Amino acid sequence: MRKRVLLSTFALLCVARLGAAAPIALPGNTPVFFQFNNLEQVNSANALVVPGGYNGVNTQGNWGVFNVSSIQFGGVATPHQDISGGAAFFADDGPGAGIFNSGQVTGIFYGIQNLPGGTTATGGFIDLYWHDAGSDTIDAGCLNGVGCDADAATVSRFTTGNGGQFLARLDFASGIDPANPLVFIKSNQDPTVETANGHADSFANVDLGVHGAWTDVLNGDWFNTAFGTRDVRFSNFFNGLASWDTPANAAAGVTVGLRSNDPGRVFTAATVPEPATLTLFGLGLAGLARARRKKKN
């Protein structure tokens, strides 16, 4: 009996440990609202190189890093068009109990190419990463550009550094301008202006060719556009951040630093637990059942 009880306890501990070590799970078949905080650069000549050469992309007009300050159970504001925020079930690592001290979601966006006129862009990707509680180094000062410069060290901190685990890749996609399939991001003003202060909107689809813990659940295909369904919708509110500026260069254009806040919305796909989780959970339940039967006997 002692051996069986130990086996059942071990199986349950495996389940608990798997849950603690794994990234936070998103609920399936549910409207979800994310809040992002960004540090970024935008360049009028698409001449930016991401410090450290992230993912082998050569030059772009816009790149940046971000953290997710909260993830909320959302509400359907307009069916297949918009999702509103609600009660948070995840908050960025910080002091306190409950939804705090649970880890950090960070990432990087890159590969965006500015189109003529300055208010539209095409292309681009977003990579999401998970950092276990206590393993992240991103705080309020960093998100104000203090101690987090536009360099390779900062890129590492927001991506693979300190054990960062890949969650999903999102590909920006058409739909925000129903008249132009080449426009993936649309702003109300040119963000390369030194006193930039405005907002931008965009859609994205999860990249099924690069698999992470969130790839399947983000593949909701819920938003309708003139060019097909999309998985995620973003709204970006940006302001100038002088510490991330780069002086004007005749060949490379002007690089302007920005700090921004972005609501992201997704209606998640219906999902099932991973096979490994099901196996461990089943072992744990079977062990408990055997122990209870033995005790009754």
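In case you missed it, the structure is sitting above this.
Residues numbered from 1 in each chain as written. Predicted model: local features only at pLDDT ≥ 70, side-chain atom pairs only at ≥ 80, totals over all residues. Heavy atoms only, no water.

## Quick look at the pattern of salt bridges
Applying the stated criterion to the full structure yields three salt bridges. With its nearest N and O atoms 2.9 Å apart, the salt bridge here joins Arg265 to Asp82. One end of the pair, Arg265, is in strand β16 (residues 253-267); the other, Asp82, is in strand β4 (residues 82-84), and 183 residues separate them in sequence. On the basis of relative accessible area, Asp82 is assigned to the partly exposed category, the value being 25%. Linking Asp127 and Arg169 is a salt bridge whose minimum nitrogen-to-oxygen distance equals 2.7 Å. Linking Asp127 in strand β8 (residues 125-131) with Arg169 in strand β9 (residues 165-173), this pair joins segments that are 42 residues apart in sequence. (Salt bridge = Lys/Arg side-chain N within 4 Å of Asp/Glu carboxyl O. Helix = DSSP H or I, 4+ residues; strand = E, 2+ residues; numbered from the N terminus. Buried < 20%, exposed > 50% of the residue type's maximum accessible area, 1.4 Å probe, protein only.)

## Some points on empty space enclosed by the protein
Evaluation of the coordinates by the stated rule reveals two cavities of 30 Å³ or more. Those elements giving two or more residues to the lining of the largest cavity turn out to be β1 (31-43), β2 (62-73), β6 (104-114), β7 (120-122), β10 (185-187), β11 (197-206), β14 (232-240) and β16. By residue number, the principal contributor to the lining of the largest cavity is β1, which donates four residues. Broken down by class, the residue content of the lining of the largest cavity amounts to 14 nonpolar, nine polar and three charged. When its volume is computed, the second largest cavity comes out at roughly 70 Å³. Lining the second largest cavity are Phe34, Phe36, Leu128, Leu170, Trp214, Leu218, Val232 and Phe234. For the lining of the second largest cavity, the secondary-structure elements that each account for two or more residues are β1 and β14. The residue makeup of the lining of the second largest cavity, split by class, is eight nonpolar, no polar and no charged. (1 Å grid on protein atoms, 1.4 Å probe; cavity = no way out; pocket = protein on both sides within 12 Å on 5 of 7 lines; lining within 4 Å. Points joined across faces, edges and corners; volume = space filled by probe spheres on them. Nonpolar A, V, L, I, M, F, W, Y, C, P; charged D, E, K, R; others polar.)

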